[in-house]
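# Results of the structural survey
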Amino acid sequence: MKSTALITAICAATALASPAFAETVLRLDEVAVGELDPAKASDYADSILMFNVYDTLVLPAQGGPGHTPHLATGWEVDGSTYTFTLRDDVMFQSGNKMTAADVVYSVERMQALGAGLSYLFAGVTAKAVDDTTVTMTLEKPYAPFIASLVRLPIVDMALVKANSDSEWGEDFLSAHGAGTGAYSVVSHNPQEETVMAKSDSYFLDVAEVAPDTVRLRYGLEPATVRTLIAQGEHDIASQWLPPEVVQALANDGAQLLTESGTGGFYFKMNTQKPPLDNVNCRLALSAAFDYSTAIQMIAINDDVSGGSPSTGAIPVGMFGANGADMALAQDLDAAKAYLADCPYDPAEMNLEISWIAEVPLEERFALLMQSNFNAMGISSSITKLPWALFAEQVSTAESTPHISQLFVNAVTGDPDTLLYGMYHSSTPGTWQSPEYLNDAEVDAALDAGRTATSDADRDAAYSALNARLMAIAPTIYGFDRQSVFAASNRVNVPALSDPEMAFGLDGMGFSFRLMEMTGE
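Residues numbered from 1 in each chain as written. Predicted model: local features only at pLDDT ≥ 70, side-chain atom pairs only at ≥ 80, totals over all residues. Heavy atoms only, no water.

### So, the overall build of the protein
Scanning the protein from N- to C-terminus turns up 16 helices and 18 strands. The C-alpha atoms of the protein give 23 Å as radius of gyration, which agrees with the globular expectation for 520 residues (24 Å, within 12%). If one aligns the C-alpha atoms of the protein with their principal axes, the spans along those axes are about 70 × 55 × 40 Å. Counting over 520 residues, the protein shows a buried share of 56%. Taking contacts inside the protein between residues at least 6 apart in sequence as the whole, the part at least 24 apart equals 73%. Of the accessible surface of the protein, which amounts to about 19900 Å², a share of 50% is contributed by carbon and sulfur atoms. Side-chain charges in the protein split into 26 positive and 66 negative, and the spacing between the mean points of these groups amounts to 3 Å. (Helix = DSSP H or I, 4+ residues; strand = E, 2+ residues; numbered from the N terminus. Rg over C-alpha atoms; globule rule 2.2 N^0.38 Å. Buried < 20%, exposed > 50% of the residue type's maximum accessible area, 1.4 Å probe, protein only. Contact = heavy atoms within 4.5 Å. Areas by Shrake-Rupley, 256 points an atom, 1.4 Å probe, with all protein chains shown as cover. Lys, Arg positive; Asp, Glu negative; His and termini not counted. Charge placed at Lys NZ, Arg CZ, Asp CG, Glu CD.)

### Thoughts on the packing of aromatic side chains
All told, the structure shown has 21 aromatic pairs when counted by the stated rule. For the ring pair Y44 and F510, a centre distance of 6.3 Å and an interplane angle of 85° mean the geometry is edge-to-face. Of this pair, Y44 sits in helix α2 (residues 44–53) while F510 is found in the loop between β17 (491–492) and β18 (516–517), placing the two residues 466 residues apart along the sequence. On the basis of relative accessible area, Y44 is assigned to the buried category, the value being 7%. Overall, F510 belongs to the buried group, its relative accessible area being 2%. (Phe/Tyr/Trp six-rings, centres within 6.5 Å; stacked < 30°, edge-to-face > 60°.)

### Some words on the pattern of salt bridges
One side chain can pair with another of opposite charge once the charged atoms of both are near each other. As enumerated under the stated definition, the model contains 15 salt bridges in all. For K40, the salt bridge is made with E170, and the minimal N-O distance between the two is 2.9 Å. Remark: E170 occurs in helix α6 (residues 170–173) and K40 occurs in the loop between β1 (25–30) and α2; sequence separation between them is 130 residues. Classification of K40 by relative accessible area gives partly exposed; the value is 27%. A salt bridge links R468 to E441, with the shortest nitrogen-to-oxygen separation between them at 3.7 Å. Of this pair, R468 sits in helix α16 (residues 455–472) while E441 sits in helix α15 (residues 440–451), placing them 27 residues apart in sequence. (Salt bridge = Lys/Arg side-chain N within 4 Å of Asp/Glu carboxyl O.)

### Observations regarding the sheet that holds strand β6 (residues 124–130)
Overall, antiparallel pairing links the 4 strands, which are arranged β4-β5-β7-β6 in an open sheet. One side of each edge strand has no neighbouring strand; the edge strands of this open sheet are β4 (72–78) and β6. Between one strand axis and the next, the sheet turns through 20° on average, direction left out of account. Looking at chain direction, β4 and strand β5 (residues 81–86) are connected through 6 bridges and run antiparallel. Bridge pairing links V77 to Y82 in β5. Packed onto the sheet, helix α3 (residues 100–113) meets β5, β6 and β7 (133–138) and runs at close to 165° relative to β6. (Pairing = 2+ DSSP bridges. Axes fitted to C-alpha atoms, helices over the stretch in contact; angles between N-to-C directions.)

Honestly, that's just the spatial picture; any functional story needs more than this.
Printed below as a string of structure tokens:
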């Protein structure tokens, strides 16, 4: 039975991928590795896969705040219990009908695997009332719960169980899709490429001009991407290209797509490793950093940039953020004063600054930091780490570099999913949290942000958090980020070019069903 079901699913996907009349192909790239298992997805490439192969109960509203029904037609809240009414016309790509049992399975699978963004659903009890009604009861209040549901992809329970000997089907879902999404997986190599095809059974209308086939490639070199776009063999470059390459592509006629993020670019300091286990040493490095030069390094042209000045630990516009008029700036006098109170001898320091091999721009920031620190009499060494090796090293404080460079975003659009995973003492050892921070005041503010019942109270909690983080400096807050993508003129992407169509959630602008292949 298992092999028969798998063959049927593969044949269906292959049939969908078969060239139709005037088939269109969208080609784009991202940093490796593409994680296809929806319960393990956490990075940008993973998000692109998840948002296209799977669907969620709700979606962020386009062009503004809030959320709209998607697989759910609506919901009601009674204390800590949320009751969702499901659509009754949704089919999985396998041909199985989606029911409340699949929603319950998806919640329990996230909890059982304990990977990716599963912490969003800790303490949630899901029950199927009938085929189209499901309840979720929270163990304790969680203010942004509806927002968290954009990270609960609904999985085809019957397909998984028919094709795996394990309850949760990790072996199957690491290589195959099992969603209701507008695109099905044709083939998947997490180091090289994922090929997807437009589904003919999607429950919403998908325009004929949406791409028929999508080829998401991983780890392409900037020079390769530039050549491919110039030759008309690539459509959307990743956000990780060096600014001058993006500039050159724009000068050659490429369009620039943007995604305003709810996150930033961070230089994360290992608070458990001397000399950065001392707050004055960390404050000295934060004050010594040249923020204005960092902003200049990410400018594409006079109108488009990869970010805006940071004002603190929380990006401008989110709960608790400082105003845009409070941009951080280098202050060498303050840096020297902090260094004088640091118990470690600067002459004996040798800080390890790491950068991610797949993001060449980070090498330049490493060199900038090295120069800033040298001016303070502090030596440093620069280490290039492939993403997979970096993720492994930061699993323990001992092997984590002194300073790690990372783009981190609010994966649900809510500040809780930007800040909790970085700074709460219960979440060390992930790629988001190489600071290994353990601070009671930070924990209290983060917990308050989760449980407060009004926007005003949440804003107050995050304001307190912002102040505390700036006082103890576990991180150098480089800039608030904006992703910039160079793209061919063969594709039109309203969600990445029209603010009224933007989702306000990183990666969702790459919903292929909303794109248009123009054929130019």
